[in-house]
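# Reading the structure
Below are the chains, spelled out letter by letter.
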Amino acid sequence: MIIIRVALPIPKRQLFDYQYEGKALAAGIRVAVPFGPREMVGVVWETSDKSEWDISKLKSIEKVLDDSPIFDPVLIKLCSWLAQYYKHSIGDVVQTAMPVALRKGQSSQVKPLEYWTLSDEGKHTDLTGLARAPKQRTALEALHKEDLLKSKAKSDFGPAAIKALSEKALIEAIEKTPSKTPTWQQNLVIQDKPFANVEQAVAISSIEAKLDQYGCFLLDGITGSGKTEVYLQAIEQVLKQGKQVLILVPEIGLTPQTVHRFKYRFGIDVGVLHSGLNNTERLQVWQQSANAQLGIIIGTRSAIFTPMLKPGLLIVDEEHDASYKQQDGLRYHARDLAVMRAREENIPLVLGSATPALETLNNALTGKYQHLKLAQRAGNASLATQHVFDIRQQPLKFGVAQGMLDRMNQHLQQGSQVMLFINRRGYAPALMCHQCGFVEHCKHCDKPFTLHKQLYKLQCHHCGSAKAIPKACQQCHSNELVSMGVGTEQLEQGLANYFPQYSSIRIDSDSARGKNKLDNMLTSINNNEHQILIGTQILSKGHHFPNVTLVLILDVDGALFSADYRAAEHLAQLITQLAGRAGRAEKPGEMWLQTHDPGHPLLQDLINNGYAHFAQYALLERQHAQLPPFTFQALFKAQAISARDAFDFLQQVAQLFNGVDNLDCIGPIPALMEKRQGQFRMQLLLQSAHRSTLQKAIGQHIRQIEGLNLANKIRWSLDIDPQDFS
Ligand code: ADP
Ligand code: ZN
Ligand code: ZN
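Residues numbered from 1 in each chain as written. Chains lettered and ligands numbered in written order. Predicted model: local features only at pLDDT ≥ 70, side-chain atom pairs only at ≥ 80, totals over all residues. Heavy atoms only, no water.

Attention now goes to the coordination of the zinc ion (ligand 2). Protein coordination at the zinc ion (ligand 2): the donors are C433 (SG), C436 (SG), C473 (SG) and C476 (SG), at 2.3 to 2.4 Å from the metal. Each of the four donor atoms around the zinc ion (ligand 2) contributes to a set of angles spanning 103 to 112°, which defines the coordination as tetrahedral. Written as a sequence motif, the donor residues of the zinc ion (ligand 2) are C-x2-C-x36-C-x2-C. Highlighted residues: C436 in the loop between β20 (430-433) and β21 (441-442) and C476 in the loop between β25 (466-468) and β26 (481-484), separated in sequence by 40 residues. What makes C436 partly exposed here is its relative accessible area of 34%. (Donors = N, O, S within 2.8 Å, 3.2 Å for Na, K, Ca; no water. Tetrahedral: all angles 85-135°; square planar, octahedral: opposite > 155°, others 65-115°. Helix = DSSP H or I, 4+ residues; strand = E, 2+ residues; numbered from the N terminus. Buried < 20%, exposed > 50% of the residue type's maximum accessible area, 1.4 Å probe, protein only.)

Shown next as structure tokens:
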């Protein structure tokens with residue numbers, strides 16, 4: 001009998017011991033085990049002949065679910081590293097790393113896929129007989145050429161055509177287990193590859209020189225400088241070697257347009273991992289990648305866990321994007337994990353951005369990463385000019401100054417598109433009584449309700465609670481209620497009235513909700529169906545709008561006064577990315593930023609000297625202030641109905657760290673957002689100039705913290721390398 005130590009999906013930071021009679025089980029094999037009254041799916045992590053518990057009382061493994069491990073040795077190592085570094089439960093880490101279908105205990109055997117093939121009759125049929133059924137004819141022609149048509153290609157020709165052909169017995173379905181030898185290498189074609197410019201060529205050859213070893217590159221290229229083209233040409237070499245490429249993109253950057261660019265260049269299937277997949281589809285991509293049947297895999301954050309049989313290259317596009325950091329549960333950073341993974345796989349990693357995160361930039365400046373720069377726009381496009389527009393004492397129409405409306409008019413008359421950025425969804429950020437000044441607040445969060453006229457609701461953007469728009473003031477019963485400030489909805493309405501001859505489209509998380517909605521909107525913009533584009537953050541994310549020549553940023557003043565030390569960095573990234581949407585084709589572009597503080601040093605530096613200059617000074621400031629990336633942080637967060645409980649818990653945690661050398665312990669203090677969903681929120685920040693000091697101190701105490709009485713009474717979490725202090 002042996003003892004199997006199993007990683008179970010529960011928050012406790014430990015493995016669980018079970019008895020097992022039989023041959024030793026390799027790490028990474030799934031097992032079903034009893035846990036309390038339930039049965040759970042866990043993953044074998046260690047095998048031993050001893051246990052710290054009474055062996056005779058250990059329960060037995062109920063069932064072994066896999067013949068071989070579902071994780072390869074590199075992924076097993078990465079999971080262990082994640083649990084260790086983020087001080088998280090290994091079982092939870094393992095859960096995060098595997099597809100939902102496997103979490104639920106489904107078979108990890110590769111299922112045969114259904115294909116359509118020509119029947120004997122189909123092989124000899126005369127295609128001219130199908131002249132009046134063009135879709136059927138195309139499908140049949142494709143089958144003649146390719147022999148096998150994957151069942152999912154049904155949709156390419158329309159289900160009706162496939163049904164008709166099968167009813168005529170011209171085609172038949174067969175099942176085939178995918179072959180273990182990948183075919184994409186033979187099918188590779190290179191289409192429409194432009195000549196790389198000098199900067200691109202240098203970047204590509206630097207990456208290619210290191211294809212068989214670990215190396216991390218920062219591809220630091222201004223917007224539209226052709227970073228994607230550098231990826232494509234580096235990928236080409238990797239694919240030609242028969243190796244695979246994994247590409248991470250930000251959450252809302254994963255559009256069909258993006259995927260199409262990779263598919264089109266190489267003419268091969270691309271595995272796409274996005275949130276719209278069902279569990280079976282997700283498992284399929286996972287397995288196909290694990291068997292090297294896919295040459296290219298593209299996905300968002302969690303795709304970093306996709307196994308690859310023949311790994312060749314990792315790419316993290318827009319590496320500064322906030323969506324790479326998970327903000328709940330296992331709070332890992334996919335970019336940092338990509339660095340670990342590339343190292344373990346012994347392959348290169350390319351981090352691409354026009355606005356690198358200060359952490360990444362620092363690693364490049366200190367020589368840890370190789371710094372590749374693209375300073376020119378590719379093709380004929382030139383960078384947009386950038387300007388601030390002083391709105392002090394200017395009347396604003398729905399948030400826009402007259403001078404800016406005139407400028408919009410000029411661009412629109414020339415047949416260009418205009419983009420407006422505003423950081424607020426809804427009609428207005430508050431509703432106020434004109435008589436007594438009373439503002440309706442969400443009682444769970446102590447923040448003003450946002451007015452949504454279309455929904456006829458007041459909604460809290462922090463907890464989602466909503467109520468009907470009141471007819472009268474709660475305090476003085478006056479019915480003179482006025483909206484304060486401007487949101488996307490009001491801006492859209494105002495512009496529609498002011499420019500009735502042009503069509504406008506609003507892109508925010510309200511309007512882009514639902515399957516394919518965002519994609520359809522992007523397509524209609526690129527088809528020039530709309531001239532005025534209004535939106536929030538979504539608009540800044542790497543989309544290519546060749547006909548946009550004017551970008552107007554309406555309200556970022558709030559961010560200039562934020563208490564979060566990362567606010568300046570994020571604002572600079574946002575402004576630079578937004579400016580990068582203008583002038584991406586032949587027509588020159590310009591960006592205007594409305595502000596009450598036109599002389600603000602951050603805005604002036606950014607606009608006159610660009611992001612790289614801003615970032616160097618921001619790094620100096622961080623260094624003087626002893627902030628990341630020059631120090632390392634960990635944030636304990638606690639929230640409870642009673643502020644006292646949250647405070648006391650963090651106070652007890654703080655006591656454990658008081659007196660540790662070279663470790664600062666700041667707090668407990670209230671979070672930037674003190675109250676949310678009816679809970680009081682407190683924080684305790686640990687900071688050290690040495691990562692190891694921080695890691696060691698937390699490692700020593702985490703089990704003790706987990707065992708505190710209050711730990712089971714309140715909600716708490718630990719965030720290593722926190723990005724978000726709200
Ligand atoms: P980025 O990823 O840096 O924003 P892209 O790779 O999307 O830039 O390139 C911007 C535009 O320039 C695209 O339309 C692309 O096709 C084009 N482009 C890129 N490299 C070249 C090149 N070497 N020659 C001509 N056009 C290029
Ligand atoms: Zn009132
Ligand atoms: Zn609320």
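More follows now that the structure is in view.
Within the protein, the atoms that donate to the zinc ion (ligand 3) are C442 (SG), C445 (SG), C460 (SG) and C463 (SG), at distances of 2.2 to 2.4 Å. For the zinc ion (ligand 3), the four donor atoms are set out with angles of 106 to 113° between them, so the coordination reads as tetrahedral.

Okay, the sheet that holds strand β16 (residues 385-390) next. The sheet built from six strands is open, its strands ordered β16-β30-β29-β19-β28-β27 with parallel pairing. Each edge of the open sheet carries a strand with a single partner, namely β16 and β27 (504-507). Taken pair by pair, the neighbouring strands of this sheet meet at an average axis angle of 20°, ignoring direction. The strands that helix α15 (residues 402-413) touches are β16, β19 (417-421), β28 (532-535), β29 (548-553) and β30 (590-595); relative to β29, the one it contacts most, it runs at about 165°. Sheet contacts for helix α17 (residues 517-526): β19, β27 and β28; angle to β27, the most-contacted strand, approximately 150°. (Pairing = 2+ DSSP bridges. Axes fitted to C-alpha atoms, helices over the stretch in contact; angles between N-to-C directions. Contact = heavy atoms within 4.5 Å.)

Within the secondary structure layout, M682 lies in strand β33 (residues 679-688). Looking at M682, the relative accessible area reads 10%, which means it is buried. Considering only alpha carbons, one finds M682 and D648, 34 residues apart in sequence, at a separation of 10.0 Å. Excluding its chain neighbours within four sequence positions, the residues that come into contact with M682 are F636, K637, A638, A646, F647, L650, P668, I669, P670 and A671.

All right, on to the domain arrangement of the protein chain then. The domain boundaries assigned to the protein chain delineate domain 1 (2-103), domain 2 (113-176), domain 3 (184-374), domain 4 (385-428 + 485-620) and domain 5 (632-720). Just the C-alpha atoms count here: the centres of domain 1 and domain 4 sit 50 Å apart. (Domains from an automatic or database assignment.)

Our next topic: the site of ligand 1. Near ligand 1 you find 16 residues, and of these F195, Q200, K227, T228 and R261 are the closest. Within the contact set of ligand 1, an oxygen atom lies 3.0 Å away from a backbone nitrogen or oxygen of G226. Separating an oxygen atom of ligand 1 from a backbone N or O atom of E229 is a distance of 3.4 Å. Against a free-state accessible area of 550 Å², the protein chains account for coverage of 74% of ligand 1. Its residues placed into classes, the shell around ligand 1 shows five nonpolar, seven polar and four charged. (Near = heavy atom within 4 Å. Polar contact = N/O pair within 3.5 Å; in protein donor to acceptor, adjacent residues only side chain to side chain. Areas by Shrake-Rupley, 256 points an atom, 1.4 Å probe, with all protein chains shown as cover. Nonpolar A, V, L, I, M, F, W, Y, C, P; charged D, E, K, R; others polar.)

Tallied over the entire structure, the rule returns 31 salt bridges. With a closest N to O distance of 2.8 Å, E236 and K240 form a salt bridge. Of the two residues, E236 and K240 both sit in helix α10 (residues 227-240), four residues apart, roughly one turn of that helix. Between E345 and R341 there is a salt bridge, with the nearest N and O atoms lying 2.9 Å from each other. Taken together, the residues span about one helical turn, with E345 and R341 both in helix α13 (residues 334-345) at a distance of four residues. In terms of burial, E345 and R341 fall into one category: buried. (Salt bridge = Lys/Arg side-chain N within 4 Å of Asp/Glu carboxyl O.)

Turning our eyes to something else, we now look at the packing of helix α21 (residues 643-657) against helix α22 (residues 691-706). One way to put it is that α21 packs onto α22 with a least axis distance of 10 Å and a crossing angle of 140°. For the element pair α21 / α22, the angle class is oblique. The way α21 lies across α22 gives a crossing that is right-handed. From α21, F649, V653, L656 and F657 reach across to α22, where they touch A697, I698, H701, Q704 and I705. Taken together, the residues that form the contact of α21 with α22 break down as seven nonpolar, two polar and no charged. (Parallel < 35°, antiparallel > 145°, perpendicular 65-115°, else oblique. Left-handed = near helix turned anticlockwise from the far one by under 90°.)

Tracing the sequence through the fold places P588 in the loop between α19 (567-579) and β30. Its relative accessible area of 59% is what places P588 among the exposed residues. Here the alpha-carbon distance between P588 and A381, two residues 207 residues apart in the chain, equals 7.2 Å. Residues contacting P588, with those up to four places away along its chain left out, are T549 and G583.

What follows is about the packing of α19 against helix α20 (residues 601-624). Closest axis-to-axis distance for the α19/α20 pair is 10 Å, and the angle between their directions is 145°. When you trace α19 past α20, the crossing you get is left-handed. Of the residues in α20, those touching α19 at A568, E569, L571, A572, Q573, I575 and T576 are L602, L603, L606, Y611, F614 and R622. Among the residues forming the contact of α19 with α20, the class breakdown is nine nonpolar, two polar and two charged.

What follows is about the sheet that holds strand β34 (residues 715-720). Strand pairing in a sheet relies on backbone hydrogen bonds. The paired strands run either parallel or antiparallel. The strand order across the open sheet formed by four strands is β32-β33-β31-β34, and the pairing between neighbours is antiparallel. The open sheet has two edge strands, β32 (663-676) and β34, and neither has a second partner. Taking each pair of neighbouring strands and ignoring which way they run, the sheet shows an average axis angle of 20°. Here nine bridges tie strand β31 (residues 632-640) to β33, and the two strands are oriented antiparallel to one another. Across the sheet, A640 pairs through a bridge with F680, a residue of β33. Each of β31, β32, β33 and β34 is contacted by α21, which is oriented at about 15° to β33, the strand it contacts most.

Next up on the list: the side chain of K87. When you line up the elements, K87 lands in the loop between α1 (73-85) and α2 (90-97). Buried within the structure, K87 lacks any salt-bridge partner; its nearest side chain of opposite charge belongs to D721, at an N-O separation of 11 Å. At a separation of 2.9 Å, a polar atom in the side chain of K87 contacts the main-chain carbonyl oxygen of Q84. Those residues in contact with K87, other than ones at most four positions away along the chain, are R13, L82, Q695, I698, G699, I702, L718 and I720. (Lys, Arg positive; Asp, Glu negative; His and termini not counted.)

Tallying each qualifying case throughout the model produces 15 aromatic pairs. Judged by centre distance (4.9 Å) and plane angle (85°), the rings of Y85 and Y86 are edge-to-face. Residue Y85 shares its accessibility class with Y86, and that shared class is buried. Ring pairing ties together the aromatic residues F398, Y498, F499 and Y502, which thus form one cluster. (Phe/Tyr/Trp six-rings, centres within 6.5 Å; stacked < 30°, edge-to-face > 60°.)

I304, F636 and F649 are the most contacted members of the largest nonpolar core, which has 118 residues in total. Setting aside residues up to four positions removed in sequence, F649 forms contacts with A638, I705, L708, L710, A711, I714 and W716. Counting 32 residues, the second-largest nonpolar core is a separate cluster that includes V238, V259, F262 and V350. (Core = buried A, V, L, I, M, F, W, Y, C linked by side-chain atoms within 4.5 Å.)

Let us now look at the pairing of β28. Neither face of β28 is exposed, since I532 and I534 on one face and L533 and G535 on the opposite face are all buried. Bridge count for β19 against β28 is four bridges, and the pairing is parallel. The partner of L420 across the bridge, within β28, is I534. The pairing of β27 with β28 spans four bridges and is parallel. By the bridge assignment, I507 is partnered in β28 with G535.

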